[in-house]
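# Close look at the chain arrangement
If you want the building blocks of each chain, they are given just below.
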Amino acid sequence: MPELTGSQFIGPDRSAGGTRTFRAANPATGEALAPEFLEASPEEIDRALTLAGEAAAALRRVPPDALAAFLGRIADELAALGDALVDRAGAETGLPRERLVGERGRTTGQLRMFAALVREGSWVDARIDRGDPERKPVPKPDIRRMLVPLGPVAVFGASNFPLAFSVAGGDTASALAAGCPVVVKAHPAHPGTSELAARAIRRAVDATAMPPGVFSMLHGPSPEVGARLATDPRVKAVAFTGSLAGGRALFDAAARRPDPIPVFAEMGSINPVFLLPGALRDRAEWIAEGFIASMTLGGGQFCTKPGLVAGIDGPDLDRFAARAAALVERHAPATLLHAGILRSYEAGATALGAIPGVRPLARSAPPADAGKTQAAAALFEADAATLLRAPRLCEEVFGPAALLVRCPGAAALEAVARAVPGSLTATLHATAEDLRAHAALAALLETRAGRLVFGGFPTGVEVCPSMQHGGPWPATTDPRFTSVGEAAILRFARPVCWQNAPPEALPPALQDRNALGIWRRVDGTMTRDSL
């Protein structure tokens, strides 16, 4: 494995100017991992942001093909790290090798997806309405509009995806694709993995002659580093994946700025699952098996983990509950990402079980080993009336736990759907007859989630152009956007229009000659033709 330095990446330079130090730990063993890492000093943060600000103007002049080559080169450099990246990520997170190999493929795949999007170019949404000086009673002006980069973006690495939502993950890839310099705050739970990914990006910067300040990476377990990034006037947007408390703190800090900026935070999500009568009648046990597999996948540490399942009470729901409980009891405790998550999970599960009217249904029988940061899976149950009296039952418990809600009828099922806060996903298991009979429930779920899943389970987010990974508060701070898929790039761009601009003042995408060959809306019609 390449030797790690524990330093910051400030544009093209390494920097070790801080005085506070910390180490990563292997959650499966409790072992402290070398080396010591330095927290970024205020001076280092300032230097990174100065370079990002300088790079912003230069990056706007980089041709799409060159920017696409940069993104593709990052993917190549990540892949070239080989086992070193996967081994270090495994040591810092306790995640199995197979999972991390797949996540590395997802990370390089989404970089190449954005490279292709930038190379094709039509994402800038160029619109041209030609003027008409003869129009009466007043001449029609020539109006041309397209998306342009916001400017430097602060990206906060996530704990649960050390590759795909971290230093070289989807937030970084989509911000760079939009033409925005990126300053990453590495997650303190996997600083070594972050350093390796940062090296790959820096090699890509050098190989493709990108502006020096296009990328920096800072370490910082303390809140001060994140607060400085969110409140510095040189930062024009923030991307965050993590807890509701952390996302809300950044959102509030950015809103208090003299110049408030968007914070695209993905936070808490309970991802409810609704079981309709026909589906329960036909496949109660199969649904239970899929639900528990989804609930416990990755130790229940996926943002799309289903944390609540609701159905109409009766023998078929009893079949579901019996099979789900048996699977939970047999489920081996899982190593969580770090001790802080384990403490939070245990506190959340204990509080959930202590709410009057909530009954424990099942818990992992094999004992959990705290020395290995292990958590036991847990399943609770309550009736709909209890949930409606206790809104806390609708809060996310991050880890392998869920609540089964028994409803006396369709009206109660809809009441539960209304009570559930915004989520990334909502799932329906239903027959065609169920969907006709419960059309109101399906329509209601459109208001509660960004992705509706039919007949499946929410874990597993396909990286594709049509994916929506975002939902109403508290799932995200802005449900209009996604953090997965091609449309993630739209978070980091804003529209500008040019009115009666001379040809030499127009960007290439809006000039009469369509040299880029992109799709443009000209006088209301989509075309690739030059004017």
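Cut-offs used in this document
- Residues numbered from 1 in each chain as written.
- Predicted model: local features only at pLDDT ≥ 70, side-chain atom pairs only at ≥ 80, totals over all residues.
- Heavy atoms only, no water.
- Helix = DSSP H or I, 4+ residues; strand = E, 2+ residues; numbered from the N terminus.
- Rg over C-alpha atoms; globule rule 2.2 N^0.38 Å.
- Contact = heavy atoms within 4.5 Å.
- Polar contact = N/O pair within 3.5 Å; in protein donor to acceptor, adjacent residues only side chain to side chain.
- Pairing = 2+ DSSP bridges.
- Axes fitted to C-alpha atoms, helices over the stretch in contact; angles between N-to-C directions.
- Buried < 20%, exposed > 50% of the residue type's maximum accessible area, 1.4 Å probe, protein only.

Turning next to the overall build of the protein chain. In terms of helices and strands, the protein chain carries 15 helices and 23 strands. For 531 residues, the compact-globule estimate of 2.2 N^0.38 gives 24 Å, and the C-alpha radius of gyration of the protein chain, at 25 Å, lies within 12% of that figure. Taking contacts inside the protein chain between residues at least 6 apart in sequence as the whole, the part at least 24 apart equals 76%.

Mapping serine 15 onto the fold places it in strand β2 (residues 13-15). Dropping the residues within four chain positions of it, serine 15 is found in contact with Ser7, Gln8, Ile10 and Glu44. Within the structure, serine 15 has its side chain in polar contact with the side chain of glutamate 44 (distance 2.5 Å).

Moving on: the sheet that holds strand β18 (residues 401-407). Each strand in a sheet pairs with its neighbour through backbone hydrogen bonds, running either in the same direction (parallel) or in the opposite one (antiparallel). Sheet architecture is open: 7 strands sit in the order β15-β17-β18-β13-β12-β19-β20, paired in mixed fashion. If you trace the sheet from one side to the other, it starts and ends with β15 (359-363) and β20 (449-454), each paired once. Geometrically, the sheet is characterised by an average inter-axis angle of 20 degrees between neighbouring strands, direction not taken into account. Taken together, the 5 bridges between strand β19 (residues 423-429) and β20 define a ladder with parallel strand orientation. Counterpart to serine 423 in the pairing with β20 is alanine 449. Across the sheet, helix α10 (residues 315-330) lies against β12 (273-275), β13 (308-312), β15, β17 (378-383) and β18, angled at about 50 degrees from β15, the strand it touches most.

Once that is clear, we can look at the side chain of threonine 482. Positionally, threonine 482 belongs in the loop between β20 and β21 (493-499). On the accessibility criterion, threonine 482 (2% relative accessible area) is buried. In this structure, threonine 482 is in contact with Met467, Gln468, His469, Ala487, Ala488 and Arg491, ignoring residues within four places of it in sequence.

Relative to the elements of secondary structure, leucine 387 occurs in helix α12 (residues 384-389). Sequence-wise, leucine 387 and valine 416 are 29 residues apart; in three dimensions their C-alpha atoms are separated by 7.5 Å. Those residues in contact with leucine 387 that sit more than four places away from it in its chain are Leu308, Leu393, Cys394, Leu403, Val405, Val416 and Ala419.

By themselves, these observations are geometric and do not establish any function.
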